There are 2 protein chains.
Amino acid sequence: MTDSDPRPTRGRPKTLDADKVLNIALTAYWHGDPADTSVNEVCRLAGISKPSLYREFGSEDGLMRATLDTYSDRVLSDVFGILETGAGLRGTLDGLIEFASTDRRMETGCLFYKMRAGKHRLGPQTRARVEELDAAAQEAYAAFLQSCRDAGDWTGPQPVDAAARYLGEQVALAFTQRASGEDPDRIRDMLGLALSVFTVVDDDPKRKTSR
Amino acid sequence: MTDSDPRPTRGRPKTLDADKVLNIALTAYWHGDPADTSVNEVCRLAGISKPSLYREFGSEDGLMRATLDTYSDRVLSDVFGILETGAGLRGTLDGLIEFASTDRRMETGCLFYKMRAGKHRLGPQTRARVEELDAAAQEAYAAFLQSCRDAGDWTGPQPVDAAARYLGEQVALAFTQRASGEDPDRIRDMLGLALSVFTVVDDDPKRKTSR
DNA sequence: GGATATTCGTACCACTCGGTATGAAAGTCC
DNA sequence: GGACTTTCATACCGAGTGGTACGAATATCC
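What counts, and where the lines are drawn
Residues numbered from 1 in each chain as written. Chains lettered and ligands numbered in written order. Predicted model: local features only at pLDDT ≥ 70, side-chain atom pairs only at ≥ 80, totals over all residues. Heavy atoms only, no water. Axes fitted to C-alpha atoms, helices over the stretch in contact; angles between N-to-C directions. Helix = DSSP H or I, 4+ residues; strand = E, 2+ residues; numbered from the N terminus. Parallel < 35°, antiparallel > 145°, perpendicular 65-115°, else oblique. Left-handed = near helix turned anticlockwise from the far one by under 90°. Contact = heavy atoms within 4.5 Å. Nonpolar A, V, L, I, M, F, W, Y, C, P; charged D, E, K, R; others polar. Near = heavy atom within 4 Å. Polar contact = N/O pair within 3.5 Å; in protein donor to acceptor, adjacent residues only side chain to side chain. Salt bridge = Lys/Arg side-chain N within 4 Å of Asp/Glu carboxyl O. Buried < 20%, exposed > 50% of the residue type's maximum accessible area, 1.4 Å probe, protein only. Phe/Tyr/Trp six-rings, centres within 6.5 Å; stacked < 30°, edge-to-face > 60°.

## Side note on the packing of helix 5 (residues 88-102) of chain A against helix 9 (residues 184-195) of chain A
All names here are of chain A. Their axes nearest at 9 Å, the elements helix 5 and helix 9 cross at an angle of 150°. For the element pair helix 5 / helix 9, the angle class is roughly antiparallel. Read as a crossing pair, helix 5 and helix 9 show a hand that is right-handed. Here Leu93, Leu96, Ile97, Glu98, Ala100, Ser101 and Thr102 of helix 5 lie close against helix 9, whose contacting residues are Pro184, Ile187, Arg188, Leu191, Gly192 and Leu195. Looking at side-chain class alone, the contact of helix 5 with helix 9 contains eight nonpolar, three polar and two charged residues.

Written out as structure tokens, the structure reads:
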């Protein structure tokens, strides 16, 4: 995004590798806590000077936003992918459960949800991106559930948007528990229990579950 | 706790009201974010000097621990109270749902869960208290569920401790959503949906729900 | 070679943080 | 009154924060 690549022919050649800096910032923010990772530390880890970083990203907010974009492209896209596999209600929920609870990359939680949890600490650019991604996720969950409803795969009584909200928050909770070092098996059980409300019969005795 | 009240007869009389400071710190930590509330700000709000605060509480960690104890006595006790009313499975869960989603005092979330969410930022004393309270809550949830099971009021297939964990995390999620300004009605619906797994029939066709 | 353009890192800025040295203030004991 | 004791607040400390002024370095254009 914002491909500032007019390739100036004059001037001292740049040695700063923006992608490398982004990768380092990504792991620093992701593995630790975004709010506890300072610009100074990112510079130290990347072996660059602070003015170089500010020239490239403008501000801490700009660096965080760019990092979140990288994360979105590289990780969140997988979650959206799961929602679009068309594996049906049961299969897709199982895919979400498996990804959230046991995927190795999420061992330290989800950067997006870490940022969302500390939204008030973010700069305006990053906060706006977080809100955009949150809305997009809500949209994707809702589209998934709507397709299940249309296919007769989900007959629950909840409105689609409320159920989408619930689904998203349960997945977020699982990621947060990953970040706190909870046992993946327990997380899977809990998320499975939370999402069982979609696949289990309700009070209506004339309906029957499939499983 | 640690009633340092030998009432020295000598010396300049103290003007610092520890309870007043604790109340101010409580609302500051609770209404805002514990990690974003500095000792300087508490002093400013309380109209006292920093050395006075440090003489009374020893450190920021000591102040936070004392504040958490105050919160525990004054607020968390209500949650434990709900679990001990003996209102049965349905009644107690409804009590939890109502308290977590609509109690006015929880409009800005739960201080305990805010602290737990940022546990790595806490000092050793406060962190230890958080862990104690976490264990006590887990214990209380488990005792409640066990009593429901003994009374034949809950026939779910989950182990008691796993279900207690699930229950506690769902309540915590509701508090967190309150803190983020979510609509209480939506929170009630979501928490109700999450806890419906305890009162709804499972796959076994020979069992029947009560509701 | 010299003017120009761009990027580099050092060394700084003001600010806030948690925490404390210090001496004045205000009381009791004798 | 004077020794003693305890609490008070001002004024500081070192460390870390996000951010920048500035001059040296390194390239191309003419």
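## A look at the protein's contact with DNA strand D
In the vicinity of DNA strand D, 24 residues are found, and the nearest of them are Thr9(A), Lys50(A), Glu60(A), Leu16(B) and Arg55(B). Taken together, the sugar and phosphate atoms account for 65% of what DNA strand D places within 4 Å of the protein. A distance of 3.4 Å separates a base nitrogen of DNA strand D from a polar atom in the backbone of Gly11(A). Contact distances for DNA strand D include 2.9 Å between a phosphate oxygen and a side-chain N or O atom of Ser52(B). Mapped onto the surface near DNA strand D, the elements with two or more residues apiece are helix 2 (39-46) and helix 3 (50-57) of chain A together with helix 3 (50-57) of chain B. Residue composition of the surface near DNA strand D, grouped by class: seven nonpolar, nine polar and eight charged.

## Description of the protein's contact with DNA strand C
In the vicinity of DNA strand C lie 24 residues, with Ser52(A), Arg55(A), Thr9(B), Lys50(B) and Glu60(B) positioned nearest. In the model, a base oxygen of DNA strand C is placed 3.0 Å from a nitrogen or oxygen of the Arg12(A) main chain. For DNA strand C, a phosphate oxygen lies 2.6 Å from a polar atom in the side chain of Glu60(B). Residues that form the surface near DNA strand C fall into these classes: seven nonpolar, nine polar and eight charged.

## Observations concerning the pattern of salt bridges
On inspection of all chains with the given rule, the structure shows 32 salt bridges over all chains. Asp33(B) is the salt-bridge partner of Arg121(A), the closest N and O atoms lying 3.7 Å from each other. Separated into two different chains, Arg121(A) in the loop between helix 6 (111-117) and helix 7 (124-150) and Asp33(B) in the loop between helix 1 (18-31) and helix 2 (39-46) make up a pair that spans both. Residue classification places Arg121(A) among the partly exposed positions, given a relative accessible area of 29%. A salt bridge links Arg116(B) to Asp134(B), with the nearest nitrogen and oxygen atoms 3.3 Å apart. Taken together, the residues Arg116(B) in helix 6 (residues 111-117) and Asp134(B) in helix 7 (residues 124-150) connect sequence positions 18 residues apart. Using a relative accessible area of 24% as the deciding quantity, one classes Asp134(B) as partly exposed. Beyond isolated ion pairs, a larger network of salt bridges with shared partners links Arg65(A), Asp69(A), Arg129(A) and Glu132(A).

## Examining the packing of aromatic side chains
The final tally for this structure, using the stated rule, is 12 aromatic pairs over all chains. When the ring of Trp154(A) is compared with that of Phe198(A), the centres are 5.8 Å apart and the planes differ by 80°; the resulting orientation is edge-to-face. Here Phe198(A) lies in the segment after helix 9 and Trp154(A) lies in the loop between helix 7 and helix 8 (160-179), a separation of 44 residues in the sequence. Taking the relative accessible area as the measure of exposure, Phe198(A) reaches 5% and is therefore buried. Seen from their ring centres, Phe99(B) and Phe175(B) are 6.2 Å apart, and the 85° between their planes marks the pair as edge-to-face. Here Phe99(B), found in helix 5 (residues 88-102), pairs with Phe175(B), found in helix 8 (residues 160-179); they are 76 residues apart in sequence, far enough to count as distant.

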